[in-house]
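Residues per chain are reported as follows:
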Amino acid sequence: YSFLTNIYYICFTHNSNILEEKTMECMTKTNLILKSLYDEREEVKYAVSGVDPEILSELANDDEFDVRIAVAVNNLAPEEVLEILANDEEDDIRCMTAMNENTSKNALAILSEDPNWTIRSCVAIHAKTSRKVLSKLSKDTDSHVRWMAALNPHTYKIDLKRMKSDPDADVRKAATQTMNSLVA
(Lines give C-alpha, C1' and ligand atoms only; values in the text may rest on other atoms or scores of the structure.)
Protein backbone atom coordinates (compact mmCIF):
# COMPACT_ATOMS: atom_id res chain seq x y z
CA TYR A 1 0.00 0.00 0.00
CA SER A 2 1.34 3.41 -0.95
CA PHE A 3 0.23 5.00 2.34
CA LEU A 4 2.44 2.56 4.29
CA THR A 5 5.33 3.35 1.97
CA ASN A 6 4.87 7.05 2.75
CA ILE A 7 4.84 6.42 6.48
CA TYR A 8 8.04 4.38 6.33
CA TYR A 9 9.64 6.99 4.08
CA ILE A 10 8.95 9.79 6.54
CA CYS A 11 9.82 7.69 9.58
CA PHE A 12 12.99 6.00 8.52
CA THR A 13 14.79 7.86 5.75
CA HIS A 14 15.75 10.88 7.83
CA ASN A 15 19.21 10.93 9.38
CA SER A 16 19.92 10.01 12.98
CA ASN A 17 18.60 13.39 14.18
CA ILE A 18 15.02 12.11 14.07
CA LEU A 19 13.87 11.60 17.61
CA GLU A 20 13.04 8.16 18.92
CA GLU A 21 9.70 9.60 20.05
CA LYS A 22 8.79 10.57 16.47
CA THR A 23 9.80 7.13 15.19
CA MET A 24 7.52 5.54 17.77
CA GLU A 25 4.73 7.92 16.71
CA CYS A 26 5.10 6.74 13.11
CA MET A 27 5.10 3.09 14.16
CA THR A 28 1.90 3.71 16.12
CA LYS A 29 0.29 5.18 12.99
CA THR A 30 1.40 2.15 10.97
CA ASN A 31 -0.11 -0.18 13.57
CA LEU A 32 -3.40 1.75 13.49
CA ILE A 33 -3.60 1.33 9.74
CA LEU A 34 -2.75 -2.35 9.80
CA LYS A 35 -5.38 -2.87 12.50
CA SER A 36 -8.05 -1.24 10.32
CA LEU A 37 -7.05 -3.31 7.28
CA TYR A 38 -7.75 -6.52 9.17
CA ASP A 39 -10.76 -5.36 11.16
CA GLU A 40 -13.66 -7.79 10.71
CA ARG A 41 -16.48 -5.27 11.22
CA GLU A 42 -18.43 -4.77 8.00
CA GLU A 43 -18.33 -0.97 8.12
CA VAL A 44 -14.53 -1.00 8.50
CA LYS A 45 -14.11 -3.55 5.71
CA TYR A 46 -16.19 -1.34 3.41
CA ALA A 47 -14.43 1.82 4.52
CA VAL A 48 -11.04 0.33 3.53
CA SER A 49 -12.04 -0.83 0.05
CA GLY A 50 -15.50 0.46 -0.83
CA VAL A 51 -16.21 2.81 -3.72
CA ASP A 52 -19.75 4.16 -3.23
CA PRO A 53 -19.31 7.89 -2.51
CA GLU A 54 -22.55 8.15 -0.53
CA ILE A 55 -21.66 5.30 1.81
CA LEU A 56 -18.05 6.46 2.18
CA SER A 57 -19.30 9.96 3.00
CA GLU A 58 -21.43 8.53 5.79
CA LEU A 59 -18.50 6.47 7.05
CA ALA A 60 -16.19 9.54 6.95
CA ASN A 61 -18.57 11.13 9.47
CA ASP A 62 -18.82 8.02 11.67
CA ASP A 63 -18.22 8.41 15.41
CA GLU A 64 -15.75 5.51 15.42
CA PHE A 65 -12.09 6.39 14.86
CA ASP A 66 -11.35 2.99 13.23
CA VAL A 67 -14.04 3.55 10.61
CA ARG A 68 -12.85 7.05 9.70
CA ILE A 69 -9.19 6.05 9.48
CA ALA A 70 -10.15 3.14 7.24
CA VAL A 71 -11.83 5.61 4.87
CA ALA A 72 -8.75 7.85 5.01
CA VAL A 73 -6.49 5.05 3.73
CA ASN A 74 -8.92 3.97 1.00
CA ASN A 75 -7.26 5.07 -2.26
CA LEU A 76 -10.62 4.65 -3.99
CA ALA A 77 -12.31 7.22 -1.76
CA PRO A 78 -13.53 10.19 -3.79
CA GLU A 79 -11.94 13.61 -3.28
CA GLU A 80 -15.04 15.07 -1.62
CA VAL A 81 -14.99 12.33 1.03
CA LEU A 82 -11.30 12.93 1.72
CA GLU A 83 -12.02 16.66 2.06
CA ILE A 84 -14.34 15.78 4.96
CA LEU A 85 -11.50 13.88 6.61
CA ALA A 86 -9.00 16.72 6.01
CA ASN A 87 -10.94 18.55 8.72
CA ASP A 88 -11.19 15.61 11.15
CA GLU A 89 -10.42 16.29 14.81
CA GLU A 90 -7.94 13.38 14.98
CA ASP A 91 -4.34 13.97 13.87
CA ASP A 92 -3.92 10.38 12.67
CA ILE A 93 -6.92 10.64 10.36
CA ARG A 94 -5.72 13.94 8.89
CA CYS A 95 -2.27 12.40 8.47
CA MET A 96 -3.61 9.40 6.56
CA THR A 97 -5.76 11.71 4.45
CA ALA A 98 -2.65 13.74 3.58
CA MET A 99 -0.99 10.53 2.36
CA ASN A 100 -3.90 9.28 0.30
CA GLU A 101 -3.04 9.51 -3.41
CA ASN A 102 -6.62 10.57 -4.20
CA THR A 103 -6.63 13.60 -1.89
CA SER A 104 -7.46 16.77 -3.83
CA LYS A 105 -5.28 19.87 -4.13
CA ASN A 106 -7.92 21.72 -2.13
CA ALA A 107 -7.75 19.23 0.77
CA LEU A 108 -3.95 19.31 0.63
CA ALA A 109 -4.04 23.10 0.87
CA ILE A 110 -6.21 22.79 3.99
CA LEU A 111 -3.85 20.19 5.47
CA SER A 112 -0.81 22.36 4.71
CA GLU A 113 -2.04 24.70 7.46
CA ASP A 114 -2.19 21.90 10.05
CA PRO A 115 -0.34 22.55 13.34
CA ASN A 116 1.11 19.01 13.22
CA TRP A 117 4.46 18.90 11.37
CA THR A 118 3.96 15.27 10.35
CA ILE A 119 0.81 16.18 8.44
CA ARG A 120 2.48 19.15 6.77
CA SER A 121 5.39 16.85 5.81
CA CYS A 122 2.98 14.45 4.13
CA VAL A 123 1.48 17.35 2.19
CA ALA A 124 4.96 18.56 1.18
CA ILE A 125 5.90 15.21 -0.40
CA HIS A 126 2.47 14.54 -2.00
CA ALA A 127 2.54 14.46 -5.81
CA LYS A 128 -0.67 16.52 -6.12
CA THR A 129 0.39 19.38 -3.85
CA SER A 130 0.28 22.65 -5.76
CA ARG A 131 3.46 24.61 -6.36
CA LYS A 132 2.00 27.54 -4.43
CA VAL A 133 1.52 25.34 -1.35
CA LEU A 134 4.96 23.78 -1.83
CA SER A 135 6.48 27.25 -1.92
CA LYS A 136 4.86 28.05 1.43
CA LEU A 137 5.95 24.71 2.93
CA SER A 138 9.52 25.24 1.72
CA LYS A 139 9.66 28.08 4.29
CA ASP A 140 8.07 26.09 7.13
CA THR A 141 9.54 26.47 10.61
CA ASP A 142 9.99 22.70 10.90
CA SER A 143 13.00 21.24 9.06
CA HIS A 144 11.17 17.95 8.34
CA VAL A 145 8.53 19.84 6.37
CA ARG A 146 11.16 21.80 4.44
CA TRP A 147 13.06 18.56 3.79
CA MET A 148 9.97 16.93 2.26
CA ALA A 149 9.31 20.04 0.14
CA ALA A 150 12.93 19.89 -1.04
CA LEU A 151 12.42 16.27 -2.13
CA ASN A 152 9.29 17.08 -4.14
CA PRO A 153 10.21 17.54 -7.84
CA HIS A 154 7.26 19.93 -8.27
CA THR A 155 8.76 22.52 -5.92
CA TYR A 156 9.66 25.74 -7.73
CA LYS A 157 13.32 25.94 -8.73
CA ILE A 158 13.63 29.31 -7.00
CA ASP A 159 12.56 27.66 -3.72
CA LEU A 160 14.97 24.77 -4.27
CA LYS A 161 17.80 27.26 -4.86
CA ARG A 162 16.95 29.04 -1.60
CA MET A 163 16.76 25.72 0.27
CA LYS A 164 20.29 24.87 -0.87
CA SER A 165 21.30 27.43 1.81
CA ASP A 166 18.90 26.12 4.48
CA PRO A 167 20.23 25.88 8.06
CA ASP A 168 19.43 22.13 8.05
CA ALA A 169 21.95 19.89 6.25
CA ASP A 170 19.29 17.38 5.14
CA VAL A 171 17.22 20.12 3.54
CA ARG A 172 20.29 21.46 1.72
CA LYS A 173 21.21 17.99 0.49
CA ALA A 174 17.66 17.20 -0.69
CA ALA A 175 17.34 20.54 -2.49
CA THR A 176 20.65 19.94 -4.27
CA GLN A 177 19.65 16.39 -5.27
CA THR A 178 16.25 17.51 -6.55
CA MET A 179 17.79 20.40 -8.51
CA ASN A 180 20.33 17.98 -10.05
CA SER A 181 17.61 15.49 -11.00
CA LEU A 182 15.61 18.25 -12.71
CA VAL A 183 18.63 19.24 -14.83
CA ALA A 184 19.49 15.65 -15.78
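Residues numbered from 1 in each chain as written. Predicted model: local features only at pLDDT ≥ 70, side-chain atom pairs only at ≥ 80, totals over all residues. Heavy atoms only, no water.

1. So, the side chain of Asp-114
Mapped onto the elements of the fold, Asp-114 is located in the loop between α8 (105-111) and α9 (117-125). Separated by 2.9 Å, the side chain of Asp-114 and the backbone nitrogen of Asn-116 make a polar contact. Sequence-distant contacts of Asp-114, defined by excluding residues within four places in its chain, comprise Arg-94, Ile-119 and Arg-120. (Helix = DSSP H or I, 4+ residues; strand = E, 2+ residues; numbered from the N terminus. Polar contact = N/O pair within 3.5 Å; in protein donor to acceptor, adjacent residues only side chain to side chain. Contact = heavy atoms within 4.5 Å.)

2. Observations concerning the confidence of the model for the protein
On average, residues of the protein score 82 in pLDDT, and 73% of them are at 70 or above. When mean pLDDT is taken per element in the protein, helix α10 (residues 131-137) scores highest with 98 and helix α1 (residues 2-12) scores lowest with 45. Of the regions scoring below 50 in pLDDT, residues 1-24 engages in 40 contacts with residues more than four places distant in sequence or in other chains. (pLDDT = per-residue confidence, 0-100.)

3. A short note on the state of the cysteines
With the rule as written, the count across this model stands at 0 disulfides. Here Cys-95 stays free of any disulfide, with the sulfur of Cys-122 as its closest cysteine sulfur at 3.9 Å. For Cys-95, a relative accessible area of 1% gives the class buried. You can call Cys-122 buried: its relative accessible area is 2%. (Disulfide = S-S within 2.5 Å. Buried < 20%, exposed > 50% of the residue type's maximum accessible area, 1.4 Å probe, protein only.)

4. Considerations on a positive patch on the surface
On the surface, Arg-131, Lys-157, Lys-161 and Lys-164 cluster together into a positively charged patch. Among the residues examined, Arg-131 registers a relative accessible area of 41% and is labelled partly exposed. (Patch = residues over 30% accessible without salt bridge, like charges linked within 9 Å, V, L, I, M, F, W, Y side chains within 5 Å. Areas by Shrake-Rupley, 256 points an atom, 1.4 Å probe, with all protein chains shown as cover. Salt bridge = Lys/Arg side-chain N within 4 Å of Asp/Glu carboxyl O. Lys, Arg positive; Asp, Glu negative; His and termini not counted. Charge placed at Lys NZ, Arg CZ, Asp CG, Glu CD.)

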